[in-house]
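Working through the structure, step by step
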Amino acid sequence: MNRKLKNTIEMIGVYSVFGFMSILILYPLLWAFGMSLNEGTSLYSSSIIPENWSLAHYQWLFTDPNSNYVNWYRNSMIVSGSNAVLSVIMTSLVAYAFSRYKFVGRKAGLYTFLILQMFPAMMAMVALYILLNLIGLLDTLSGLILIYVGGQIPFNAWLVKGYLDTIPRELDESARIDGAGHLTVFVKIILPLAKPILAVVALFNFMTPLFDFLLPSIILHSQKNYTIALGLFNFINDQFSNNFTRFAAGAMLIAIPVSIIYLFLQKYLISGLTSGGTKG
Amino acid sequence: MVDAPLRTGNINKKHNPKLAMLLSIIFAGLGQLYNKRYLKGFTFILLEIAFIITLIDFIGLGLWGIITLGTIPITDHSIFLLVYGLISIIIILFAALFYLLNIQDAKKQAKQIKEGWEAPGLFDSVKEGYDKSFVYLLTTPGLILLVFTVVLPLLFAVSLAFTNYDLYNSPPRNLLDWVGFENFKSLLTVPLWRNTFFSVFSWTIVWTLVATSFQIALGLFLAVLANDSRVKFKKFFRTILILPWAVPGFVSILIFAAMFNDDFGTINRDIIIPLFGGSGINWLSDPFYTRIALLFVQTWLGYPFIFALFSGVLQSISKDWYEAAEVDGATRWQKFKNITLPHVLFATAPLLIIQYTTNFNNFNVIYLFNEGGPAVKGQNAGGTDILISWVYKLTFETNNFSMAAAISLIIGILISLFAIFQFRKTSSFKEEGQI
C-alpha cells in the first residue's frame, strides 16, 4: 500500500512537470498563432483568442503590392536548396578523399578542419563584408550561397568522413579488383552506402540558411533580396507594435512546415550527430 | 625496394640522386629530365614557367602592398593591397609545397634508378599519374573554396586587427597603417573601451556558463523523467518537449521579444500586472531583467536538443547495469550518479562542449531579442551585448573595423584555447588521434 501510494505521488509529480513544461512551450506558440488571426494590427487590442477571426494578414502577405513576402520565401528556398545540393557534393568529395586516400597534407588537413570548425564564420564578418564588396558579390544571393558552402566544409567533412570510415574497405577494394575506377567506386559503392549521413548533411545545410539572420543581414541590403529570417525581422523592427500580427502570420507560414519536417526527422538528425559527431 | 628488381636487373651505379635533387632545386622538372621521366619533367617545367609569367607581377605587388599598405592616397587602396598581399602569401606557400614535392620526387626516383629500377612506358606513366593525382582532383575544389571563404577572411580579419581602419580613416581617401598592438592597448587602457570591454566580457562568460548549464540540466532532468518506464503517452510528451527545437529559432525569439515587451507584451499585461499589480517589469529597458529574460529564452530554445540527445543515450544503457545495482541495494540517486550520469556525459561530451562554444557566440538570441540593449551609460555597447554582438555593432553601426577585428581575434583565441583544452580531455579525441 505504502509503495503504491509513493508510486502514485511520484507519477503525479512527473505528470505535473510535463504539464507545466507543456504550458511553457505551447503558450508562446499558440499566442503567436492567435495573434496572426486577429483582425487589427495593434497588439493592444489583440488577444490570444481573437474576437473576430480573420485571415486578412495572410492575404496581405501574398497580395499587397507592398509585401515582399513571396520574394523572401523564394530567396530562402533558392539559398537553402543550392546550399544543400552544393554542400553534399563538395563535402562527400572531400570526405571520400580523407577517408580512403593517402596524400600530402592529409593529416594537416584534418587538424585544420578541426581548428577551423571552432572559428565561427561570424568572426570573419568584417572581412566577409569587405571582401564581397571588393568582388561585387555584396547584396547577391550567390555571394551568400558561396559563403555558406565554403563555411560548412570543415564541420561536415569530419562528420561524413567519420561515417565513411565505418564502411568496410573490403567493399571498394573488391570493386577495384573487378576493374572499377576511382569514380566508379565513389559513385556506385560509397555514395549509396553513405546516403543516411548525406541526408543529414543536406538537411542541416537546408535549415541553416533558413534560420540564419546574421550572414544575410551582413550581405543582403535591398528588401527584394532578403531571406525570410531577415525580412521578418526588419518587418517588425520598423514599427514593432503595428506589425506584429502581420509578422506572426508570416512566421506561422514558415514555422509550421519546418516544425513538421523536423519532428519527423529529428531521430535521424540525432543519430547522425552521435554516430559521426562524437567520433570526431 | 623489394619490388624494384622485378622490372629490370640493370643496376645503374652512375646515377646520382644528389645531382637530381640539385637540378630540381635549380628549376622544377630538371631533375625529372635527368631521371629520364620526360613527360613529368616537361610538365613541371611548363608549370613553373607559367607560374613565373602569370603570377610574379601579382606577387610582387601583393608583397609590396602588404608591407607598405600603399604610399599614395587615393591611387593606392590599402584594403585591396592587403587582400592581394594575403593571396600572394597563400600562393607562395602552395608553390613552395609543390617545389618541395618536386625535389623529393627527383631524389626518390634517382635513388630507385640507381638501384636498377626502370621507368614504365608512356601509357603506364599516364595511368600512374592519374591514380596518384585523383585524390587531388577530389579535394582541390573544396580546398579552393575553403581558402577563399574561410581562410582568407580569417587571415584578413586578423590583419585588420593590427591596422587603423575606422570611419574617419578609410581608404581610398586615406591610407591605412600597421599599428602593431595599438588597438589591443587602447582596449585595455582607454577608459571607455576598457569599461565596455570588461563589462561585456564578464556578461559573455556569465551568459555562456549559466545559459548552457541551465539547458543541459533541464534537458537531462526531463530526459530522465521521460525515460521512466511508468510514464504513459511517452511519444506525445516527447513530441511536445522537443517542439522548441523544431520551431525556427528566429521565430521563437521574435515572439518572445513581443511577449516580453514592456508596454504591450503579454507577460506584463496578462501575468505580472494581474497577479502582482503595479505597472509591470521593465523587461526590455532594465539590463538586469533583460538578462533574466534572455536566460529564460535561451533555456527554452536550447534544452530540447539536449533532451533528444540524452533520450537516445538513455535508451541505449543496458538494463543489466541497473539490475546489478538493485541487487546491491543501490538507492535511486546512487544509480543515477554512478550509472546514468557517466554514461550520458561520456557519450555526448564533445557535443556538450560545442553547446558552450555556440552559446559564447550566440548572436541570434542576443541581437534579435533586444538588439543587445538596453543602452548603458559610460560604455559603447548595450547592457546585454556579448562580445560577438558588440563586434557586429562596431562593424556595421559605427564602422570601427579595426577594433571589431581586434575583439574578433580575442574571441577566436579564447574559443580555440577552450576547445583544444576540452577536446584533449575527452576520450573520443584520443581515439581519433591513434589512426
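From a predicted model like this one, the values you see are computed outputs, not experimental measurements.

Analysis parameters
- Residues numbered from 1 in each chain as written.
- Chains lettered and ligands numbered in written order.
- Predicted model: local features only at pLDDT ≥ 70, side-chain atom pairs only at ≥ 80, totals over all residues.
- Helix = DSSP H or I, 4+ residues; strand = E, 2+ residues; numbered from the N terminus.
- Rg over C-alpha atoms; globule rule 2.2 N^0.38 Å.
- Buried ≥ 20, exposed ≤ 12 C-beta atoms within 10 Å, placed from the backbone.
- Contact = placed C-beta atoms within 7 Å.
- Core = buried A, V, L, I, M, F, W, Y, C linked by C-beta atoms within 7 Å.
- Domains from an automatic or database assignment.
- Nonpolar A, V, L, I, M, F, W, Y, C, P; charged D, E, K, R; others polar.
- Axes fitted to C-alpha atoms, helices over the stretch in contact; angles between N-to-C directions.
- Left-handed = near helix turned anticlockwise from the far one by under 90°.
- pLDDT = per-residue confidence, 0-100.

What follows deals with the overall build of chain A. Counting its regular elements, chain A contains 12 helices and zero strands. In sequence order, the secondary structure elements of chain A are arranged as α-α-α-α-α-α-α-α-α-α-α-α. The C-alpha atoms of chain A give a radius of gyration of 24 Å, which is well past the 19 Å a tight globule of 280 residues would have. Along the longest, intermediate and shortest principal axes, the C-alpha atoms of chain A span 75 × 75 × 35 Å. The 280 residues of chain A split such that 41% are buried. Residue pairs at least 24 apart in sequence account for 73% of intrachain contacts in chain A once pairs closer than 6 positions are excluded.

Further remarks concern the overall build of chain B. Secondary structure summary: chain B contains 18 helices and zero strands in total. Counting only C-alpha atoms, chain B reaches 100 × 75 × 35 Å along its principal axes. A total of 435 residues make up chain B; the buried ones form 38% of that total. Residue pairs at least 24 apart in sequence account for 64% of intrachain contacts in chain B once pairs closer than 6 positions are excluded.

Attention now moves to the nonpolar core. One finds V126 and F233 of chain A together with F156, L254 and L368 of chain B to be the most contacted residues of the largest nonpolar core, which totals 135 residues. The dominant element in this core, judged by the number of residues it contributes, is helix α6 (residues 141–164) of chain A, at 14 residues. In contact with L254 of chain B, other than residues within four places in its own chain, are L232, F233, I236 and F247 of chain A together with L368 of chain B. If you look at the next biggest cluster of nonpolar residues, it comprises 17 residues, including I270 of chain A together with I306, A308 and L309 of chain B.

This paragraph deals with the domain arrangement of chain A. Each assigned domain of chain A is listed here: domain 1 (2–60) and domain 2 (68–238). The C-alpha-based centres of domain 1 of chain A and domain 2 of chain A are spaced at 37 Å.

What follows concerns the environment of M259 of chain B. Considering the arrangement of structural elements, one finds M259 of chain B in helix α10 (residues 249–259). Separated by 24 residues in sequence, M259 of chain B and W283 of chain B place their C-alpha atoms 9.8 Å apart. Excluding residues within four positions of it along the chain, M259 of chain B makes contact with P28 and W31 of chain A together with G265, T266 and I267 of chain B.

Right, let's get into the interface of chain A and chain B. Across the contact, 71 residues belong to chain A and 75 residues belong to chain B. Here the side of chain A that touches chain B takes 15 residues from helix α12 (residues 240–277) of chain A, the largest share from any one element. Looking at the side of chain A that touches chain B residue by residue, the classes come out as 59 nonpolar, 11 polar and one charged.

Now for the environment of G265 of chain B. Residue and element names in this part refer to chain B. With respect to the secondary-structure elements, G265 resides in the loop between α10 and α11 (266–276). Residues G265 and F181 lie 84 residues apart in sequence; the distance between their C-alpha atoms is 46 Å. If we ignore the near neighbours within four places in the chain, the residues touching G265 are A258, M259, F260 and W283.

What follows covers unusual backbone geometry. Most peptide bonds are trans, and most residues other than glycine sit at a negative phi. Residues and elements named next belong to chain B. Cis peptide bonds are those with omega within 30 degrees of zero, and the linkage from P171 to P172 qualifies with 5°. Mapped onto the elements of the fold, P172 is located in the loop between α6 (122–160) and α7 (182–189). Across the junction of G373 and P374, the peptide omega takes the value 0°, indicating a cis bond. If you check the backbone angles, K36 has positive phi at about 65° while not being a glycine. You can see K36 is positioned in the loop between α3 (30–34) and α4 (38–68).

With that settled, consider the packing of α4 of chain B against helix α5 (residues 78–114) of chain B. All names here are of chain B. In contact at an axis separation of 8 Å, α4 and α5 are set at 145° when each is read in the N-to-C sense. For the element pair α4 and α5, the recorded crossing hand is left-handed. Contact residues: F44, F51, L55, F58, I59, L61, G62, L63, G65 and I66 in α4; L81, L82, Y84, G85, L86, I87, S88, I91, I92, A95 and N102 in α5. Class assignment of the residues belonging to the contact of α4 with α5 gives a composition of 16 nonpolar, five polar and no charged.

A few words on the confidence of the model for chain B. All names here are of chain B. This prediction gives chain B a mean pLDDT of 85; 94% of its residues lie at or above 70. Predicted confidence in chain B is weakest over helix α18 (residues 427–433), with a mean pLDDT of 44, and strongest over helix α8 (residues 191–227), with 94. Predicted confidence is poor over residues 1–8, with pLDDT under 50, and the contacts of this stretch with residues over four places away or in other chains come to 12 contacts. Contacts for the low-pLDDT stretch residues 427–435, under 50 throughout, to residues beyond four places or in other chains number eight contacts. Scoring the predicted complex yields pTM 0.83 and, for the interface, ipTM 0.85.

Below, the discussion takes up helix α16 (residues 387–396) of chain B. Helical geometry note: an α-helix holds 3.6 residues per turn, so side chains three or four residues apart project in the same direction. Of all 10 residues in α16 of chain B, eight are buried; the element is thus mostly enclosed. When we look at burial in α16 of chain B, the residues that qualify are L387, I388, S389, W390, V391, Y392, L394 and T395 of chain B.

Residues and elements named next belong to chain B. Relative to the elements of secondary structure, L351 occurs in helix α14 (residues 332–360). Among the residues examined, L351 registers 16 C-beta atoms within 10 Å and is labelled partly exposed. Sequence separation between L351 and T75 is 276 residues; the distance between their C-alpha atoms is 50 Å.

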